[in-house]
Structure formats: C-alpha cells, structure tokens
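Survey of secondary and tertiary structure
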Amino acid sequence: MTNPTSHLSREQIDEIGRELDEIRSDVLADLGENDSLHIRGVVRVARGAAIAGRTLLMFGFTPASFGLGVAALSTAKILENMEIGHNVLHAQYDWMNDPALDSQTYEWDIVCDASQWRHYHNYEHHTFTNVLGKDRDVGYGIIRVSEDQYWRPKHVIQPISNVLLSLLFQWGVGIHDMDPVRQLAGEGDTEEFRRKWEQFRRKAAKQLFKDYVFFPLLAPWNAPRVFLGNLAANGIRNVWTNVIIFCGHFPDGTRVYTEKEIAGETRGDWYLRQMQGSANIEGGSWFHVMTGHLSHQIEHHLFPDLPARRYPEIAPRVRAICEKYRLPYNTGSFWRQYGSVLANIVRLALPPRAATAARVAPAVHEGAGMA
Amino acid sequence: MTPTATPVSGFLGSLLSSPWLHPLNDVEALEDLVGRFDTTWSLTRTKARVIAVIRETADVCTLVLRPNRRWPGHVAGQHLLVEVEIDGRRVCRTFTISSPPRADGTIEITVKRRTGGKLSVWWNERAAVGDVLGLGEPAGDFVLPAGKHERIAMLSAGSGITPVMAILRHLREEAPDASVLFVHSARSREDVIFRDELEEMARRWRGFDLRLQMTSTDGRLDAAALSRLAQTVGSDLTFVCGPSGFIEAASGAWREAGNEDWLLSEHFGLPSSIAAGDGSAPQYVRANRAGVAFVAAGGRSLLVEAEAAGLKPAYGCRMGICHTCKCRKVSGTVEDLRNGRVSEEPNEMIQLCVTAARSALTLEL
C-alpha cells in the first residue's frame, strides 16, 4: 500500500499537530451545560428504554410486545454501552465532577470489566492504534483485516468466525484484556492472567445471573420469555457494536502500521496515524448517538476524551485540515463502509499471491499476541 | 466491589447493590425521579434552595438557604462544604455559615467574591432565588465551648467576620446579658460586612462594644495594638478569625500575655495561586497516600518526577490519552503541559503525565 502521508514535510506534520490541538482547546474551553444536559438526557432515555423493555418482556403475552420489549431493551443496552459507557470510561465527562459519570468508577452493562476495558482500549488501542503486534484490536487476533498481516490457515474460515465474533462480541471484548491466545501459547504472565480471569469471572457471573436467572425469576409466569428476550437484546447489542467498531477501523483505505514506523513519533505523527487508521460512517443525529458517536471514529481517535457529541461539530474542521494537506478522510455510508469490511474479510481469508507476499512480509513484524 | 470474608454473602451483597441490577436498584434514577417533583428533594443528599439574596458590600453576598429534611443542623461558627453546578460542572468549596441555628431551619452563607474563584464569582454574580445547592455536613470547632461565658472578646479581619457573626447573632439571642467586645478590621467602612446590623446591635445591646479598625485611614492592627488588646481582654474567652498573618500576630500577642489557652482561632486560607511560580521553579509535592514529599522540577511532568522520587503511580500512554495516571490534586496550582493552561482548582482530577507543578502541591497519590 502506498503511504498517503509521504508527501508531508516535518514542518507540515508539526503544523497539523498544532491545528488539531487548537480544535481540542476550542472544545475544552466551550464545555458546559449543553454537554451535561446531553449525557444526562441519554442516561434518562436509556433508563426509560430499559424499564419499558423489561416491563414488556415480563408482563406482555403477545409476540408484538415481545418484539417491542426486545427492541427497547436492545436500545437501552446499546445506548448504555456506547454513548454512555464507552464515552464515560474515556473520561469524556470527568470535568463534570459527577460521581455517577466518573471514568474511574463507572461500571457498564456488559461482561467486560470496566478496568480491563480501560487498560486495553483506552491505553493499548488508543495509543497504539492499528499498530500490528501492539494494537490487539486489529482483527481481534482471529480475523485478517489487512494485507499487512501474515496469512495463516485459520483465516480461511474467517467469514464464519466473523459472524460468530459479532454474535458473541461482548464475550470477545470480555476476555480480550486477558489475552488468552498469548496465554495458550505459554507466553503470558500467569499471575496477571489469573487476576484478570478472576475479575472477568465475577463480572460475567453477575451479568449472566442478572439477565438469565434474576429477571426471568422476577416474572415466573413468563420466565422463558424474559430469558429469550434478554438473550435477543444482548445478541442485537453484540452484533451492532461489532459492526460499528469494524466499520471504524477495517474498511478499505484505513492503514495499519508496524512498530518500526511509530518509533520516535511526535504528537503530529500520532494525530496522522489516528486519522489514517480510522473511518467514519455518515448518518443522522440519532444514528450517531446509537453508535456512541463512533460513526465519527476519526474525530474520536484524534480526541478520545472530548465529549463525543462534539465530534459532528468539529468534523468539518478536521476534514478541512485533511483537504488542506491532501490527506485522505475516510467516510461513507453505513452500507458502503460495512460492505467494504465484509468484502475485505472474504478477500483476505485467502493467502496473498506470491508476489504480494514477497513485498509485504519483510516489512512486517507480527507480535505474539496476533498469532 | 470490595472483597468480604464470606464469598457468598460478599457476592450477593455486591450483586444487590451493583449497578448491573439497574433499573431495579438504581438510586441515581430514583434521585432523578424524586428531583423532578421538587429539585431539593433527595434520598441521599442534603440540598438547599436559595430563598433570598442579600448584597452585603460591593463584593460580598449572602444567600439565605432553606435546606431539605436531611439537614442535620449546625452550631454557630461552623463551616461546611457547598456544592453548586456551574455550567455543567460540580464545584465544591468550604464556606462558613454566618447565621446561628434558627427555628425555621434556614441558614445564611456569606461569601466574598475572589477574582478567578469559580464558586465565589457565581455566588456574587449569578446566584438567584430558586437555585439549588448541595450541602455537606457542618463541621468545625470554632464554636462557643460549653458553659456560661460572661465576658467574650472577638477579633476578625475582612471576610473572617462570617463565623464570628454567627456566634454574635447567637449570643444576642441566647445570652443578651453577656459582655462582648468585638474588634473588626476592614479596608474602609464600605467594606465592613454586616455594618448596619453591627451598628444596630451596638445601639441596642448594652453589653456590646464594637470597635471598627479601617485600615485605609487608621492603619492595620499592628503588633503593638494587638498587644494592648491582649492586655485589655486578659483571660476572657477570645475568638479570632481572618487571614493567617492576622491570626499569627494575634496568637503572638496572646501568648506574650500568657493567655493563649483562651484564644480560639479559625484561619481563612489564602489561595495558593499567590505563591504560584512562573513554571521553571522547583516545587514541593506532598503525596498523601504514600506519606512522602518530593521536589518536582517546574515544567516536567509530575509522573516523571514522582517516579524519580521512587513512587510508582499507575500509568499508560504517558501522553495524555488514556487517563490511567489520573490523580486527585487536593490543593495547589498546576500547568497542563499540552496547552499551558494553569489551574488552581482544589480537589481537581489531573493527569500526572501531562501536568507540571506551579506551586506547592498536595496529591492523593
């Protein structure tokens, strides 16, 4: 793949860094009541949807009320995980000093433990975005999403593994920080693995108890219906979050990097990598909220700790910087982006042709975590 | 979240109070609901509504508050933590209650406007009848000791008058026979907070001796004046409240007179910004949890400096992205190394990897 940033001089990269820093400062200076009203409003909607969904599942008897209940509960879970949980855990609302929205104490409605998420997502993924061997989110260790990754026999089935991963996405996210692949290869820190396993086990037990024992038993006359409804809502949330996250990093045109490339990176370089490693999805304002504003993955990766509702308003400024410096700004409709993700997953399931492999292999170092 | 002795009850206990059973046990949601009927109603917090705004001087304002039923009551002279949401941010400060306990449950808090002070500026410029504040527990030992006190002296400077006023108002109601000498120092007559009320008291309360020292014309209460005062007062119970320099001078005079045991003082701290350096000077940093202090070079990140001092704060990206090294700054002035923004907010969360000390700091580290 040709490097779309090779035409930039050192001075230009520094200047890009300064211009992006200015956007960040402008937003920080403007944070206020509208941002707090927004997040509290979303919290209310999510709460209301959860109450409505659980009530419909517990007290309804018709298929229609089952469908509505599942829809409401999935909406609640999606909002809670994405616009609230993901963003609160990024410390986007820490400036409010509201203990209910504090990044260090918030716990979310998913089997992934919040502290583990903060480690591998906020630190690993957001610092080493799309760096092979460092950012374990690149294909989650089972899917080959870039030609720069070595092909392995397990990739042949990745069109199927992708479907499984998306259906079970919360479990993938839940065990991700433990790095089980590395542990199985005998290369992990056993002590650390045990500690994380224990954390995960407790969190997962609570989640399972809640959705598949507690709430079904609260409505014994409808227990199977509640059980199935919760299963469906968790499943819909799983697929939705997986699809949105894959659209953010793996469509055509997003770049992956090697550890060598990022040695000695400046702030400007880091910003450039964030822009080139991410892709946006176009849509209306409710669509953006339902994606936790990860539909503005480029802006999110540039400014992960700014309140996400600000991304649409700063997107034109980021885009203008890209145009000014002749940089790609990867954006498209949902179907275009996800279509391209799926096409890549199918295409990259097969080994590269000999010529391509010879060109790519020497430059790439794949870490043990990817094996 | 905290591990308990028996795994089953620990598990069940944490399960029942856990956020994963929401909405069933969601206290925040109930709070939100209750608050919709009346903004001061709450299941967990003491809140109060502003029922009157009284402008005392050009830069001092009193808010009269009606707390909700969770208010435990206070003793004249105590202070408390006040929380206000300003532009989406919850801001917390300690203020003194300037009123004595009252039958109708209302309290008054008097605050002087301080340039750059978020809450004090809000108090003086934006507070309006109907606004709702959060209150902490009243606390402090600057109160009348048990027993009967026939003769009492009070000494205050500037806004240090507020706890003294609460005690004065209390004495006026409860011990009108007591003799009270009150010496107050302020820049000019216009700057004397509660002046009308004090002069009224002086006219109607026989045992009350009011002496105002206007520093712009009469000069400050210097060591000699304080020493004379200490002689006059002798072993009468004395309250003193004001800036630290004022308290130190008074303590010195009372010690000299051999009556320091009869002096009760309340110190109004100065903002640390006054001591803030230009960014290059090394600063003392106290790490509260570790119980150590170290010197941080100005302009270098607190993370690097803490590590150099042998501490091991949690960290991740070391460039301000991941918030792993987040730490509570109890007090002091810091600079954000990314944009040079200087902040003196107490109890503020900072990211150690992109923050440098600009004054002596206390960190929860």
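Throughout, residues of each chain are indexed from 1 in the direction in which the sequence is written. A letter from A marks each chain and a number from 1 marks each ligand, given out in the order of writing. At least 70 in pLDDT is required for a residue's local features to be given in this predicted model, at least 80 for side-chain atom pairs to be given and counted, and no such filter applies to totals for whole chains, interfaces and linings, which use all residues. Calculation of side-chain values draws on the structure's entire complement of heavy atoms; hydrogens and water are dropped beforehand.

Only heavy atoms matter for contacts: two residues are in contact if any of them lie within 4.5 Å across the pair. Each partner contributes residues to the interface: chain A has 46 residues there, and chain B has 32 residues. Across the chain A to chain B interface the summed buried area is about 3,300 Å²; carbon plus sulfur atoms make up 57%. By convention, the term buried area covers the 1.4 Å-probe accessible surface removed from two parts as they join, with the contributions of both added. Three residues stand out in chain A for area buried against chain B, namely A:Arg44, A:Arg47 and A:Lys206, and they jointly supply 18% of the buried area on that side. Notably, a salt bridge pairs B:Asp32 with A:Arg44, separated by 2.5 Å at the nearest N-O pair. In the analysis that follows, any N or O atom pair within 3.5 Å is treated as a polar contact, provided that within protein one partner can donate a hydrogen and the other can accept it, and provided that, for residues neighboring in sequence, both atoms belong to side chains. Counting across the chain A and chain B interface gives nine residue pairs in polar contact (both at pLDDT 80 or more). If you list the elements that add at least two residues to the side of chain A that touches chain B, you get helix H1 (10-30), helix H2 (33-59), helix H4 (114-127), helix H8 (190-218) and helix H11 (267-276) of chain A. Tallied by class, residues from the side of chain A that touches chain B come to 18 nonpolar, twelve polar and 16 charged. Here a salt bridge means any side-chain nitrogen of Lys or Arg lying within 4 Å of a carboxyl oxygen belonging to Asp or Glu. Labels follow the DSSP assignment, with helices taken as runs of H or I lasting at least four residues and strands as runs of E lasting at least two, numbered in each case from the N terminus. Side-chain classes are defined by residue name, with Ala, Val, Leu, Ile, Met, Phe, Trp, Tyr, Cys and Pro counting as nonpolar, Asp, Glu, Lys and Arg as charged, and the others, Gly among them, as polar.

Once that is clear, we can look at a nonpolar patch on the surface. Residue and element names in this part refer to chain B. The patch calculation keeps residues exceeding 30% relative accessible area without a salt bridge and links them within 9 Å when they carry like charges or within 5 Å when they are nonpolar (Val, Leu, Ile, Met, Phe, Trp, Tyr). Each accessible area is a Shrake-Rupley estimate made with a 1.4 Å probe; only the visible protein chains count as cover when residues are assessed. On the surface, a cluster of nonpolar side chains totalling about 620 Å² of accessible area is made up of Val27, Leu30, Leu33, Phe37, Trp41 and Leu43. Within the secondary structure, Leu43 is located in the loop between helix H2 (27-37) and strand E1 (46-57). Residue burial is assigned from relative accessible area. The probe radius is 1.4 Å, only protein chains are included, and a residue is buried under 20% of its type maximum, exposed over 50%, and partly exposed in between. Here Leu43 falls in the partly exposed class, since its relative accessible area comes to 43%.

All names here are of chain B. Strands were regarded as paired on the criterion that DSSP finds at least two bridges between them. Strand order in this open sheet of six strands is E4-E3-E6-E1-E2-E5, and the pairing throughout is antiparallel. A strand with exactly one partner marks an edge of an open sheet, and here the two such strands are strand E4 (89-96) and strand E5 (107-112). Here the average twist between neighbouring strands, direction ignored, is 40°. The pairing of strand E2 (residues 60-67) with E5 spans six bridges and is classified as antiparallel. Here, axes are lines fitted to C-alpha atoms. For helices the fit covers the stretch in contact, and angles between N-to-C directions go from 0 to 180 degrees.

Moving on: unusual backbone geometry. The phi torsion of most residues other than glycine is negative, and most of the peptide bonds are trans. With a phi close to 55°, A:Asp179 is a non-glycine residue in the positive phi region. Given the relative accessible area of 10%, A:Asp179 is considered buried.

With that settled, the discussion passes to the nonpolar core. Counting residues in hydrophobic clusters, the biggest one holds 73 residues, and the most contacted among them are A:Ile16, A:Leu20, A:Phe246, A:Met275, A:Phe303 and A:Val318. One finds B:Ala76, B:Leu168, B:Met201 and B:Leu210 within the second-largest nonpolar core, a separate group that totals 27 residues. Only buried Ala, Val, Leu, Ile, Met, Phe, Trp, Tyr and Cys residues count toward a nonpolar core, and they belong to the same one when joined by side-chain atoms within 4.5 Å.

Turning next to the packing of aromatic side chains. Residues and elements named next belong to chain A. Here the aromatic set is Phe, Tyr and Trp, taking the six-membered ring for Trp, and pairing holds for ring centres within 6.5 Å; pairs whose planes are under 30 degrees apart are stacked, those over 60 apart are edge-to-face, and all others are tilted. Counted by the stated rule, this structure contains 23 aromatic pairs over all chains. Centroid distance Phe59 to Trp221: 5.7 Å. Interplanar angle 35°. Geometry classified as tilted. Of the two residues, Phe59 sits in helix H2 while Trp221 sits in the loop between H8 and helix H9 (223-249), which places them 162 residues apart along the sequence. Trp221 gets classed as partly exposed once you look at its relative accessible area, which sits at 46%. Ring centres of Trp240 and Phe334 lie 6.3 Å apart, and the angle between their planes is 25°; on these two criteria the pair is classed as stacked.

Glancing now at the packing of H2(A) against H9(A). Residue and element names in this part refer to chain A. It is at 8 Å that the axes of H2 and H9 come closest, and there the two elements cross at 145°. Between H2 and H9 lies a crossing whose hand is right-handed. Judged by residue contacts, Arg54, Leu56, Leu57 and Met58 of H2 engage Arg225, Val226, Gly229 and Asn230 from H9. Here the residues of the contact of H2 with H9 are counted per class, giving four nonpolar, two polar and two charged. In this scheme, a crossing is called left-handed if the near helix is turned counterclockwise away from the far one by less than a right angle; it is called right-handed if the turn is clockwise.

Residues and elements named next belong to chain B. Strand order in the open sheet made by the five strands is E9-E8-E7-E10-E11, with parallel pairing throughout. Lying at the two open borders of the sheet, with one neighbouring strand each, are strand E9 (208-214) and strand E11 (263-268). Here the average twist between neighbouring strands, direction ignored, is 10°. Pairing of strand E7 (residues 151-157) with strand E8 (residues 179-186) involves seven bridges; the strand directions are parallel. Bridge assignment links Ala157 to a residue of E8, and that residue is Ser185. Contacts between helix H4 (residues 161-174) and the sheet are confined to E7, E8, E9, strand E10 (237-243) and E11, with E7 contributing the most and set at about 150° to the helix.

Attention now moves to empty space enclosed by the protein. Residues and elements named next belong to chain A. The distinction between a cavity and a pocket rests on a 1 Å grid over the protein atoms alone: a 1.4 Å probe fits inside a cavity but cannot get out, while a pocket stays open yet meets protein on both sides within 12 Å along at least five of seven lines, and a residue with an atom within 4 Å of a point counts as lining. Grid points are joined across faces, edges and corners, and a volume is the space filled by probe spheres set on the points. In the structure shown here, the tally under the stated rule is five cavities of 30 Å³ or more. The computed volume of the largest cavity comes to approximately 130 Å³. Along its surface, the largest cavity is lined by 14 residues, and Trp108, Ile110, Trp117, Thr241 and Ile245 are the ones closest to its centre. Elements with a minimum of two residues in the lining of the largest cavity: helix H3 (63-89), helix H6 (169-176) and H9. The element best represented in the lining of the largest cavity is H9, accounting for four residues.

The subject of this paragraph is the state of the cysteines. Residue and element names in this part refer to chain B. Only a pair of cysteine sulfur atoms within 2.5 Å counts as a disulfide in this structure description. Summed over all chains, the structure comprises zero disulfides over all chains. The thiol of Cys241 is unpaired, and the distance to the nearest cysteine sulfur, on Cys61, comes to 19 Å. When its relative accessible area of 0% is taken as the criterion, Cys241 is described as buried. Of all cysteine sulfurs in the structure, the one in Cys325 sits closest to Cys327, which takes part in no disulfide; the separation is 8.6 Å. The exposure class assigned to Cys327 is buried, which follows from its relative accessible area of 4%.

Mapped onto the secondary structure, A:His288 falls in helix H12 (residues 285-290). With relative accessibility at 9%, the residue A:His288 sits in the buried group.

Below, the discussion takes up helix H7 (residues 223-233) of chain B. Residues and elements named next belong to chain B. Taken as a whole, H7 has its buried residues at Ala225, Leu226, Leu229, Ala230 and Val233. Down the axis of H7, the buried set is contained in an arc of 140°. They therefore lie on one face. Residues Ala223, Arg228 and Gln231 are exposed on H7 and point more than 90 degrees away from its buried face. By arc we mean the arc of the directions from the helix axis to the C-beta atoms, nothing more.

Time to look at helix H15 (residues 334-347) of chain A. With 14 residues, H15(A) should reach 20 Å at 1.5 Å per residue; the first-to-last C-alpha distance of 20 Å fits that figure. Contacts made by the buried residues of H15(A) are with helix H5 (158-167), H9, strand E1 (280-281), H12 and strand E2 (331-332) of chain A. The span expected for a helix works out to 1.5 Å for each residue beyond the first.

Residue and element names in this part refer to chain A. Along the chain, the position of Met178 falls in the loop between H6 and helix H7 (180-184). Given a relative accessible area of 6%, Met178 falls into the buried group. Spatially, the C-alpha atoms of Met178 and Thr331 are 33 Å apart, while their sequence positions differ by 153 residues. Apart from the residues lying within four places of it in its own chain, the contact partners of Met178 are Gln116, Phe193, Lys196, Trp197 and Phe200.

All names here are of chain B. Across chain B, pLDDT averages 87, with 91% of residues at or above 70. Across chain B, the secondary-structure element scoring lowest on mean pLDDT is helix H1 (residues 7-16), at 60, and the one scoring highest is E2, at 97. Counted against residues more than four places away or in other chains, residues 1-8, with its pLDDT under 50, gives three contacts. pLDDT is a per-residue confidence score from the predictor, ranging from 0 to 100. In the predicted structure, residues 270-275 sits below a pLDDT of 50 and forms nine contacts with residues beyond four places in sequence or in another chain. Both confidence scores are given for the complex: pTM 0.86, ipTM 0.81.

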